[in-house]
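One-letter residues, chain by chain:
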Amino acid sequence: QVQLEESGGGLVQAGGSLRVSCVVSGIVFNPEIVAWYRQAPWRQRELVATITDIGHTNYSDSVKGRFVISRDRGKTMMTVYLQMNSLKPDDTALYYCYVNVRGSEYWGLGTQVTVSS
């Protein structure tokens, strides 16, 4: 059974950096797509960054140049990172990890990131 667990969220001042992680366990096949989403209060869930199984990355315009997504693949586990730099109060949100494995989608429960001004 595929499970995702995020960690690394917290409170940081504007301009600071934070790295969130997501441990993906129970995977047999290499996920085609791994992504980070975020959702702020009273806003729709937003796609932040994606990385494919061959390492291609894509970012939303709001984080491009500030955030970096990466992944480390083990035999049955994978860790996905989101390095967040030059953080802004608008980056405050619950950050979710997402994987797509052969058409099946899996989500974590999220880790809270709060950026103070």
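Here the structure is a predicted model, which is why all the values come from computation and not from measurement. (Residues numbered from 1 in each chain as written. Predicted model: local features only at pLDDT ≥ 70, side-chain atom pairs only at ≥ 80, totals over all residues. Heavy atoms only, no water.)

Peer 1: Describe the state of the cysteines, with residues and values.
Peer 2: Counted according to the given criterion, the structure contains one disulfide. A disulfide bridge connects C22 with C97, and the sulfur atoms are separated by 2.3 Å. Where C22 bonds to C97 through sulfur, the torsion about that S-S bond is close to -90°, and the disulfide is left-handed. Placement of the pair is C22 in strand β3 (residues 18-25) and C97 in strand β9 (residues 93-101), with a sequence separation of 75 residues. Here C22 falls in the buried class, since its relative accessible area comes to 0%. (Disulfide = S-S within 2.5 Å. Helix = DSSP H or I, 4+ residues; strand = E, 2+ residues; numbered from the N terminus. Buried < 20%, exposed > 50% of the residue type's maximum accessible area, 1.4 Å probe, protein only.)

Peer 1: Any chance you could break down the pattern of salt bridges for me, citing the residues and the numbers?
Peer 2: The final tally for this structure, using the stated rule, is four salt bridges. Note that E46 and R38 form a salt bridge whose closest N and O atoms lie 2.8 Å from each other. Notably, a salt bridge pairs R66 with D91, separated by 2.8 Å at the nearest N-O pair. With a gap of 25 residues between them, R66 in the loop between β6 (57-59) and β7 (67-73) and D91 in the loop between β8 (77-84) and β9 connect regions that are remote in the sequence. Across the pair, exposure class does not vary: R66 and D91 are buried alike. If you follow the salt bridges from partner to partner, you end up with R38, E46, R66 and D91 in one network. (Salt bridge = Lys/Arg side-chain N within 4 Å of Asp/Glu carboxyl O.)

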